[in-house]
Each structure stands twice: as structure tokens, then as C-alpha cells.
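Inside the fold
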Amino acid sequence: MFARRFTIVCLLMSLFGMSFAILVAEGRSARNWDQANSCRFGCPSHLRH
């Protein structure tokens with residue numbers, strides 16, 4: 001009986017974790033990576049893209 005409840009809880013937690021990871025990944029994909037990787041503090045010109 002305990003093993004059955006433990007299995008159900010683990011499956012529910014894994015589904016919740018996967019759905020939460022998908023939500024987080026979708027939210028982070030909107031980030032502009034060119035802007036995040038740009039040099040803001042006067043990098044030498046040969047390092048700029």
C-alpha cells in the first residue's frame with residue numbers, strides 16, 4: 001500500500017516538475033541573447049561582434 005502511494009506521489013511530482021520546467025524554458029526563450037552578450041563596459045573593438 002505504501003509503495004503504491006509513493007509511486008503515485010512520485011509520478012505526480014515528476015509531471016509537475018516537467019510542466020514547471022517547460023514554463024520556465026518558455027519564459028527564458030524570450031530573452032534577447034545578443035543584448036545579453038553585448039559588452040557594456042567599453043570592451044576593445046576587436047572583441048565586439
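Located above this text is the structure these notes cover.
Okay, so let's go over this structure. (Residues numbered from 1 in each chain as written. Predicted model: local features only at pLDDT ≥ 70, side-chain atom pairs only at ≥ 80, totals over all residues. Heavy atoms only, no water.)

1. Overview of the overall build of the protein chain
Formally: Comment: elements are numbered from the N terminus, with helices defined as DSSP H or I runs of at least four residues and strands as E runs of at least two. To measure how exposed things are, a 1.4 Å probe is used in the Shrake-Rupley method; for residues, cover is taken only from the protein chains shown.
Helix and strand content of the protein chain: two helices and zero strands. If you sum the accessible surface of the protein chain, you get close to 5000 Å²; carbon and sulfur atoms cover 67% of it.

2. Here we look at helix α1 (residues 2–28)
This is how it is decided: To estimate the expected span of a helix, count its residues, drop one, and scale the result by 1.5 Å. In this scheme, a residue with accessible area under 20% of its type's maximum is buried, one over 50% is exposed, and one in between is partly exposed, where area comes from a 1.4 Å probe on protein chains only.
The first and last C-alpha atoms of α1 sit 39 Å apart over 27 residues, in line with the 39 Å expected at 1.5 Å per residue. α1 sits mainly on the outside: zero of its 27 residues count as buried.

3. Quick notes on the packing of aromatic side chains
Note the following rule: Ring geometry is summarised as follows: Phe, Tyr and Trp rings, the Trp one being its six-membered ring, pair when their centres sit within 6.5 Å, and such pairs are stacked at plane angles under 30 degrees, edge-to-face over 60 and tilted between the two.
Enumeration over the complete set of coordinates arrives at two aromatic pairs. Ring geometry for Phe-2 against Phe-6: centres 6.2 Å apart, planes inclined by 25 degrees, an arrangement best described as stacked. Separated by four residues within a single helix, Phe-2 and Phe-6 lie in helix α1, roughly one turn from each other. Residues Phe-16 and Phe-20 carry aromatic rings whose centres are separated by 6.3 Å and whose planes lie at 15 degrees to one another, so their mutual orientation is stacked. With Phe-16 and Phe-20 both in helix α1, this residue pair falls four residues apart, about one helical turn.

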